[in-house]
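Analysis of the macromolecular model
Below, each chain spelled out in residue letters.
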Amino acid sequence: MELNTIASVVVLERARSEEDSARASLLECAGRFSPAIEERSSDTAFLCVLDITGTDKYCGPPSILGRALLDAVKAIGVQACVAVADNLHAAICIARGNATSQYPIVVRPGEERAALASLPLTVLDLTEGQLETFSRWGIRSLGMLAALPNEQLISRLGQQGNKLQQLASGTWQHHFVPLEQAFTLHESIELDSPVEASESLLFLVGAILERLILRATNRVLALLSVTITLSIEGGGSHSRTVRTAVACNDRQLWLKLIYLDLEAHPPNRAVLALHMTAEHGPVKKVQLGLFSAQLPDIPKLDITLARIQAIVGEGCVGSPVLLDTHKPDSFAVKPFAVSLGRAPRNPPAARAAPLAAIRQLRPPEATTVTLCNSRPTAFYFRKSRYRVEQAYGPWHASGDWWSDSPWQYGSWDVIARSDANALLCCNLVNHLSRNSWEVAALYD
Amino acid sequence: MTNYVELHASSAFSFLESASAPEDLIQRAVDLEMSAMALLDRNGIYGAAQFHLHAKRNGIRAHIGAEVAVSNFGTRLTPPAWLPHQNIPEPVRLPLLCETREGYQNLCQLISTFKLREAQKDEGAAKLDDLYSYAQGLVCLTGGDEGPLAAALMRGGEQAGCKVVDQLISIFGRENVYIELQRHQEREGEWRNQAALRIANSLGLPVLATNGVRYATPYDREVLDVFTAIRSGTPLDKAGRLLTQNSQRYIRSSAEMDHLFRDIPQAVEQTAALSSRLQFELTSLGYEFPRYPLPDGGTMDEFLRRRVEEGLKHRYGHKISSLKVRAKKQAEHELALIAKLGFAGYFLIVWDIVQFCRGNGILIQGRGSAANSIVCYVLEISAIDPVGKGLLFERFLSERRGEWPDIDLDLPSEEKRERVIQYVYRRYGELGAAMTANVITYRGKSAAREVGKALGFDEDSLARLSSLVSQWEWRDKSDTMAHSFRNAGFDLNHPRIAKYLELCMRVQGLPRHLGQHSGGMVICQGALNKVLPLERASMPGRTVVQWDKEDCAELGIIKIDLLGLGMMAVLDDCMKLISEHYGSHVSLANLPEDDEVYRTLQQADTVGMFQVESRAQMASLPLNYPKKFYDLIVQVAIIRPGPIVGKMMHPYMRRRQGKEEVTYPVPILEPVLKRTLGVPLFQEQLLRMAMTVANFSGDEAEELRRAVGMRRSWERMKNIEGKLRAGMSANGIATDIQDTIVENVSSFALYGFPESHAASFALLAYASAYFKVKYLAAFACAILNNQPMGFYAPAVIVKDAQRHGLRVKPIDVQKSDWPCTIEQEADGSPLLRLGLGYAKGLRQQAAESLVQSRREHGPFSSVEDLAARVPLLNPREFTLLANTGAMNSLKGVLHRRDALWQVERAGKPEGPLLHSLREPQATEAAASPLSQMSTGERLAADYAETGLTLGPHPMHYRRAELQRRHKVLSAAELRHVKNGQYVRAAGCVIARQRPGTAKGFIFLSMEDETGIANVIVTPSLYDQDRLAVTRSRFLLVEGPLQSQDGVIHIRARRLTPLGDQALALRSHDFH
C-alpha cells in the first residue's frame, strides 16, 4: 500500500516483552492441569498441548477439564480455544480451526476424521508449495484432502502427502516432547537480618558462587560473568556485574573480583537479600594452539585490570586506538582482548630520518593571541608573553559538517621568543567555531 | 595583482570525484573576472563540451585537458599505513593540457587506447608506452595529491620525485613539464611543495600554482564529501579519511592566490603565461563526416545520381506520368543542392545502411525531416512520397541554413537494431563509429536514496521516501521533495533531516554516471578516436563517445539515430504474416487510401494502433475526423504538450469542425499557416513564421530552431525572444499579436513536432490502422508477439480483437509455437493461436524443445508422453501449462484439474524395484479425483498464468448483478446516453494517466465486455480517494456523462472499488 494515499499511518510495534509474559502465564496456567506440556506455538499464536492421560481422577472428564482450563485462561485475560482429542494433531487442528469458539470442543475417539473434515487446509502447517498445489487442485478442506486416493497422493507428493493425509484424517501419531526449563544459573538467598559488613556478605557470596560453579561444572561449562543484585533496606536494589576475559570456574578469582567491585561500588544501605545470576560459556583454554604462546594467567590479569579500573575509572583501561578521522587528537580506548590471530611478523621498520619530537599537551592550554593580518604575532603561555618570530600556517581542518558536532580548526606552527629571550616552538590551535586559542603542543 | 588562471579544475563530470557542474565553474570564473580556466576531468573530457560552450558565451577561454590514470607511476597518495583509513589503491593521475589540436587529438587517442584496452566498461589506466605515443602537443603538470610527484615523494623522498619528473621530461619534453604547486593549507602538503620546489630548481623547470579545484565554492565541499561517501559505499559517519580534510579546493581569486603564494610569486604569474600558450579550443575539433567508399572510382555525386535514377524508376514505374515528371524535376533540384553543399556522402551512407537492412530482411524507415525529400524517398530511406503528399523539401535541406541534414532511422527494436548497429561498427571500424553517450544525472528518487544512504538513514526509511517521490508527469504544488519527506515521516525541523533535504536539492542534475544513448551513432571520416575519446559501453560489443547527443550537435558532430521502434517490428512481422496467410504482398510505401480505415479512425476505434491509441488521441479523433492522410499527420502532431500548452489544439479542432472562422494572426502568415487552418502546429511553421514576421535570416531561424529543439534551451530562448519581438515591432505587428506569436514559439520549446516527423509517424499510424482493419489476425498476432509495447496490455489487445470478430484460441501444447501464430478455420478464415510465450514463467528453451519434439515425432499421446519426450520441462512449467489449459487436448485429460493431477505424477516413475511389476499409472483410476474448475477459478488461473483470458470478460460475470443492484451501464450503452445524464459504469481499469498538461486531472480507461469507457477524475476527487484511483483493478464510477461530438467521458463524482476476486490484472499507468 502506498503511504501517500493515507494521511497519517501509525505503525504499532510488536510488544515482545508482553508476549513473553503472557506466554509464561499461560504455561503456568496449563501446568495446573498437567505436568506434561508440549509447546507448539507459531510466530503469531501461542499453542500448547497438555497430556491429560490419567487426570480424570482429579480434574474430571475431558469436557469438565476443558471448561476449567478455558475458564482459567480467560481469568488471566486471554482469549483461547480448547480442543480435546485422542490424537495430538487432531486436537491442534481443531483448536486452530475454531479459534473463536467459546466452548471446549471434545472429540470422541474414532470421530477425529469427521470433526476435521470441514476445517480449511490452513490449520495444517503446510509449506507455501503444498498450499499452492492444493489450491490448484481445488482442495480446500481437510475432508477433501482425506478423501484423495492415498496411493495416488503418495505417488505425487511422496511421504509428505501421506503424512498430510493422515493429519487430515486425525490418524498421524505423535511422540510427545514435554517442555523443559532452560538451564539458567540463578541463586538467591534472603537474610534474616540486614547485613552491612561486606565480609559477611562475601561469605554468603562465596557459598552461592560455589553452588553456581558446581552446577556449571556439571555441564562442562564455566562462568563468563556474574551479576550480583542486592535488595537493600528501605526498598530498591543495587546491581553489579563482573566478568572475566575468558570463562572460568575459579571460585577465589570470582570472589576477589566481586570483592574489588563491591569495594569500589558499595551498596549505600544494609542488604536484605542477595540474588546472583551467572552467564555461562565454554571452559577456558590455556593455550590457543600448539605454537602459540601460553595465555597470561587469567586470574592475575583480571584482578590487576580490575584494580586499575577501580582507580582510574571505567572506560579508561585498555589499548588506545586511533580513529579514522581527520579530527586532530581522535582516539578511543579499547578493552584488552586476547588476539586469536597471529602477530604481524614484520612490524613496520623504524624511519631512518630523524623526526622532530612533539609533546602534545593534554589538555591543551588556553591562551590569548595577538593577530596582525590574521597571522599570530604574540601570545601568552604559562604567564610569559611570547613574540612570534616565524609562523607557518594556517593549517585548516574541518569535518563532521553533517552532524550535531561539526568542528573546524586553524592551526599554526610558531617559533616564538619570550621577553626573557626564551625560545619556544609550539603549535597554536584556533577553534574557529568558538574563536578561542590554545597551545596544543610543544616542539623539542 | 596578477592575472591568475586556474589550470587544474575538475567538474562533476569526474563522476563523484568533483562537485560542481561545468557551468558553475564558469560562473565562478566570471564572478572572479578570471580570463581563462582549464578543465581536467578524470580519464575523460566528458564535461568539456558544456564547459567550452558556457565559457564561450561568457567570453572566457576554455582550456581542455584531462587527468589521466597511469599505471606505471605507482598508486595514488593514501594516508600512511599506521593511520586507520579505507583508501583503496588507485593509479596516480597525470594532469595533461591540450596545447594544440594535435595535442587534443593525442589526448583523445590516449584515453581511447587505454579505455578500449579493457574488456568491459572500466576506468582503465594508461601505460608509459601510451604516453610516449601520444605526447605531442600536450603539456604535463606534475599534479597535486592525486599526481605522480606527490606519490613518488611519499614513496621514496626527493630522489624518487626527481626520477618521476625526469621520466615526464623524457616523455613530454622539458618545455612541456610544469612542477605544480597546490596549497590546500594542509601541513603534509607543504613539505611536498618544498620538495617540489627544490626539484624544480635542480632541473630548471617552471613552477605553476593551481588549486586542484574540485568544486566552485567552499560550500560545495559538502557535496563532494557526499559523493565520496556514495562512491565508496560508506556512510559519511564512517568515511573518515576518505573525505577531504578541509574546504580549500575551490576556485580562488587572483588576490587569494597571490597571498597564498607570496613566497613564490612566479608560480602564480606562470599561470597566465601557460594559458596564453595553450592555443587549442574546442571550436576546431577536426571532425569530418565519412565519405562513402565508392566501388567504381567515380564521384559520390555521380554515384548518388545513378542511385536516385534507379530509385525513381522503382518508385514511380517506367511509365511517364505527371507525378513522375514532377518527381524527376524535384529530384534534379535536390541533387543539385546536395552536390552544391557536398552532402552526397551522407546520403550514401544512410542509403548503405538502408541497403543492408533491405538485404537482411529488416524493416527500416527514415523519420524526421528526411520525409520531405524525394531523394530520401527514392533511396528508400523514407516511405513517404513528398511530391505526392505535397511536402516541402526546404524544410529538410536549405542552402541558407547550411546545416547537416538530419535523418533518423526507425528499426524494429532489439535484435535487428543491434544487427544494424554492429554492421555500422564493422563498416567504419571500431575507431570510426560509436554510440553517443547518455549522461545519467541525479533525479528526485536517486538523490533521495543515495544521499540518504550517505547520511546513514536506514533502508526502510529510504525505501519509503523513494516510493513517495512523485511518479506522475503532472506535479501539483504538494508534489515537492519537502512534501515527500514529510509524508515519509521525516521531521524537517531536525537539523540532520533538513541537511538531507538540502543536499538532495543540491545534487539534482549533477552527473552520476555515463550510459549510452539508445540509438545515436557518431561516424567519422578519419579515426573517431581523434575527435572524441571512446570507451566501452556496458553492453558487449558497443563503444560509446564521451559526449551526449546534444553536446555532439552543439559542436558540429553529426550523428545518425538508429532508433528502436516497437511498431516497426509489429509492421515487419505483420507484412510477413499477411504474405504467408493471406497471400497478399503489401509494402508501407504503397498502401492504398481506404475509407473503411478512415471510418475506424474517425470512430476512435484505435486500440493497438501506432500513436493514435492513447486516451487523449481517442478523445480527439472524432473531433478531427480524419478523411485523408494529411489529417492524420495533423492528428499525430496535435496531441503533444507543445500544441496543448500553446493553446493551439482546441482552436484547430473548432476550425476543423467549422465552428470557428479560419483567421491568421497577421495576413502575411496565410501562406505559412493555410494548411493547418491558421493555427501553427509544426516546427517548420514556427521557422517560417519567424522569417516572415520578424525578418529572421536563415541563420537566425536556424538558431531559433536549435533553441526550441534542445532540452537546455531556456536561456537561449530568452535571448531570441528579444530579437523576435524587435523584428515584429519593426514590421509593425501589434504587441498583443506579438505575445501570441511568442507564446506559440515558447510552447514548442518543450516538444515541438516537425511536420516531416509527423508525416513519418502518420504513415506508421496509417499502416497499423490499415493492417488492423484489413488483416486483423496478422496485426493482433504481430502486436502480441512484440510485447511490451504501446498503450495497452495484451489482455486488452485480445479482448479488442475478439470484439472485432477475431477468434482467438488458447495455448495448446499440441498446436502452439513459442510466438502467437495464425491458423485457418475450416472455412479458411484466419484465427489466432496464443503462443507458449504467453505462459508466464515458461522458459523459451523448454518451449522450443517441446515444439521441436512435436514437429519431429508428431503430437503427444498423453501427459506421460509429453514428460518423457520433453525432459527440459521442469515440474513448475508442467504445472503452469496444465493450469492454463494447454494440456486439455492431450489424450486422457478431462479438464485443467485433471491435467494438474496428472502432471504431478508425470515424470516420476516407480523405482527400479517396482518398475518391472507394473506400468506407470496402470493402476490409477481413469477418472480424476479432482473436480473441474469453476468459472471464477478458470478466470483466476487465466490471469495468473497468462495475464489474459479468452473467455468472457470478467465484467460479463458481474453484469447482471451490477445492473440489478446499481443500474450500471456498459461501455456500449453509454454511447446512447444523453449529454449531462447522471450514469453509473463499471469496468476493469486498463490505463491511468495524469498528463503534465492536464492541470492535475487524471484520465482512466475502463474496459468491460462491450468496450472501453473513459473517466475523468478531478484533482479534488483524487485527493479524496487516492487508493481507489491508483490501486483498484475494478471500479464502479458514477457521475454525469459528457458526450460531445462523439467523444464520451464520465466526469467522476464518486468512485467505488469493486472486489477483484484475486485477479492479477495489470493496467498501464502513464505518468
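Residues numbered from 1 in each chain as written. Chains lettered and ligands numbered in written order. Predicted model: local features only at pLDDT ≥ 70, side-chain atom pairs only at ≥ 80, totals over all residues. Heavy atoms only, no water.

Residue and element names in this part refer to chain A. If you walk across this open sheet you meet the 4 strands as β5-β8-β6-β7, and the pairing is antiparallel. Edge positions in the sheet fall to β5 (185-195) and β7 (237-248), since each of these pairs with one other strand and no more. Neighbour-to-neighbour, the strand axes of the sheet open up by a mean angle of 15°, direction not taken into account. The sheet contact formed by β5 and strand β8 (residues 271-282) spans 7 bridges and is antiparallel. Bridge pairing in β8 places Ile189 opposite Leu274. Strands β5, β6 (221-232) and β8 of the sheet are contacted by helix α9 (residues 198-218), whose axis makes an angle of about 165° with β5. (Pairing = 2+ DSSP bridges. Helix = DSSP H or I, 4+ residues; strand = E, 2+ residues; numbered from the N terminus. Axes fitted to C-alpha atoms, helices over the stretch in contact; angles between N-to-C directions. Contact = heavy atoms within 4.5 Å.)

Moving on: the domain arrangement of chain A. The domain boundaries assigned to chain A delineate domain 1 (16-169), domain 2 (182-286 + 295-338) and domain 3 (358-443). The centre of domain 1 of chain A, based on its C-alpha atoms, is set 47 Å off from the matching centre of domain 2 of chain A. (Domains from an automatic or database assignment.)

Side chains bearing opposite charge may pair, as long as their charged atoms lie close to each other. All names here are of chain B. Applying the stated criterion across every chain yields a total of 84 salt bridges over all chains. Across the pair Glu310 and Arg307 runs a salt bridge whose closest N-O atoms are separated by 2.7 Å. Taken together, the residues Glu310 and Arg307, both in helix α11 (residues 300-316) and 3 residues apart, mark about one turn of the helix. You can call Glu310 partly exposed: its relative accessible area is 44%. Where Asp631 meets Lys628, a salt bridge forms, and the shortest distance between an N and an O atom there is 3.5 Å. Looking at Lys628, the relative accessible area reads 43%, which means it is partly exposed. (Salt bridge = Lys/Arg side-chain N within 4 Å of Asp/Glu carboxyl O. Buried < 20%, exposed > 50% of the residue type's maximum accessible area, 1.4 Å probe, protein only.)

For the rest of this paragraph, the subject is the confidence of the model for chain B. A low pLDDT means the predicted coordinates there should not be read in detail. All names here are of chain B. Here chain B shows a mean pLDDT of 87. Residues at 70 or above account for 92%. The low-confidence segment residues 1061-1066 (pLDDT under 50) makes 13 contacts with residues lying over four places distant or belonging to another chain. Interface confidence in the predicted complex, given as ipTM, is 0.72; pTM for the same model is 0.73. (pLDDT = per-residue confidence, 0-100.)

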